[in-house]
Amino acid sequence: MLAIILPIIAVLIGLTFAVIFKPAVNNGIKLLLSFSGAFLLSVVIFEFLPEVYSSNNSNIGIFIMLGLLIQIILEFGSKGAEHGHVHHKDEGTFPILLFISLCLHSLIEGFPLAENQDLLYGVIVHKIPIAVILSAFLLNSKMSTIQTSIFLIIFACMTPLGAFLKTQSSLLETYSSEVNALVVGVLLHVSTTILFESSKNHQFNATKLGVILIGIIIAYFL
Ligand SMILES: [Zn+2]
Ligand SMILES: [Zn+2]
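Read on for an overview of the structure. The shown structure was predicted, so the numbers you read here are calculated from the model rather than taken from an experiment.

## What about the side chain of S42?
- Its location among the elements puts S42 in helix α2 (residues 27-53).
- Accessibility expressed as a relative area gives 6% for S42, which makes it buried.
- Among the polar contacts listed, one links the side chain of S42 to the backbone oxygen of A38, at a separation of 2.6 Å.
- Ignoring anything within four residues of it in the chain, the contact list for S42 reads E47, G215, I216 and A219.

## Details of the coordination of the zinc ion (ligand 2)
- Donor atoms from the polypeptide that coordinate the zinc ion (ligand 2) comprise H105 (NE2), E109 (OE), E109 (OE) and H126 (NE2), at 1.9 to 2.8 Å from the metal.
- If you list the donors of the zinc ion (ligand 2) from N- to C-terminus, the spacing comes out as H-x3-E-x16-H. Here H126 lies in helix α5 (residues 117-140) and H105 lies in helix α4 (residues 96-110), a separation of 21 residues in the sequence.
- Look at H105 and you get buried, because its relative accessible area is 2%.
- On the basis of relative accessible area, H126 is assigned to the buried category, the value being 2%.

## Overview of the environment of L98
- Among the secondary structure elements, L98 is positioned in helix α4.
- By relative accessible area, which is 0% here, L98 ends up buried.
- Spatially, the C-alpha atom of L98 lies 19 Å from that of A10, the residues being 88 residues apart in sequence.

## Comments concerning the packing of α2 against helix α3 (residues 60-78)
- At a closest axis distance of 10 Å, the pairing of α2 and α3 adopts a crossing angle of 135 degrees. One element, α2, and the other, α3, form an angle in the oblique class. For the pair α2 and α3, contact is made by L49, V52 and Y53 and by I60, G61 and I64, respectively.
- Along the lines of polarity and charge, the residues of the contact of α2 with α3 split into five nonpolar, one polar and no charged.

## Let's talk about the pattern of salt bridges
- Evaluation of the coordinates by the stated rule reveals two salt bridges.
- We note a salt bridge from K127 to E109, for which the minimum N-O separation is 3.1 Å. With K127 in helix α5 and E109 in helix α4, this residue pair connects regions lying 18 residues apart in the sequence.

## Observations concerning helix α9 (residues 206-221)
- When the terminal C-alpha atoms of α9 are compared, their 23 Å separation across 16 residues agrees well with the 22 Å that a helix rising 1.5 Å per residue should span.
- Listing the buried residues of α9 in full gives K208, V211, I212, G215 and A219. For α9, the buried positions fall inside an angular range of 100 degrees around the axis, keeping them on one side. Across from the buried face of α9, at angles greater than 90 degrees, the exposed residues are A206, Y220 and F221.
- In this fold, the buried residues of α9 make contact with α2 and α8 (176-197).
- A distance of 3.1 Å separates the backbone nitrogen of T207 from a side-chain oxygen at the start of α9, and that oxygen is part of N205.

Criteria and thresholds
- Residues numbered from 1 in each chain as written.
- Chains lettered and ligands numbered in written order.
- Predicted model: local features only at pLDDT ≥ 70, side-chain atom pairs only at ≥ 80, totals over all residues.
- Heavy atoms only, no water.
- Helix = DSSP H or I, 4+ residues; strand = E, 2+ residues; numbered from the N terminus.
- Buried < 20%, exposed > 50% of the residue type's maximum accessible area, 1.4 Å probe, protein only.
- Polar contact = N/O pair within 3.5 Å; in protein donor to acceptor, adjacent residues only side chain to side chain.
- Contact = heavy atoms within 4.5 Å.
- Donors = N, O, S within 2.8 Å, 3.2 Å for Na, K, Ca; no water.
- Axes fitted to C-alpha atoms, helices over the stretch in contact; angles between N-to-C directions.
- Parallel < 35°, antiparallel > 145°, perpendicular 65-115°, else oblique.
- Nonpolar A, V, L, I, M, F, W, Y, C, P; charged D, E, K, R; others polar.
- Salt bridge = Lys/Arg side-chain N within 4 Å of Asp/Glu carboxyl O.
- Expected span 1.5 Å × (residues − 1).
- Arc of directions from axis to C-beta.

Structure (structure tokens):
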């Protein structure tokens, strides 16, 4: 049940932030992004990855790499919106490619969440800054309020839909270890890209290092 409600709340929090503060990707968001990347990566490494490898399926590694490839392909469409920046040109039309890529990403990351509470927290924390940045982009674009609303509502429902489908579909359940391995690949790529891009000019930033450390430590003690 939490896997249905929390992702939607995360998007609502992000939207509220964007409306109130109208952040032009300010420092606070960047720190939250760094924290979310470290936290998500740590949950995957500490818990989800060992769990996936304990399934005795000898093809796990292949499916992890497949997930990584899927995420790379999705980023051609999203231009990196799922790791925190929108390069999309605002043409005033509905950004269909961005929309489809983001929705697919959100659907996939939703699959294991009904069975994995800590991963659920990891994905929620990752979703909040993404929702802030995405909402800010959509609100500043020339798109109509109705288009923006449709985009955000469907986007918000995709992760819960993934979690729901996984509990309902016997096909997804049969291939549970393969599906989870795919999600590991997707999340590994997204979280490492967030961390990589958060230190683009490689300048030492004590605050950033601090929030990354806190992210790792919290995930370890979850
Ligand atoms: Zn990027
Ligand atoms: Zn994501």
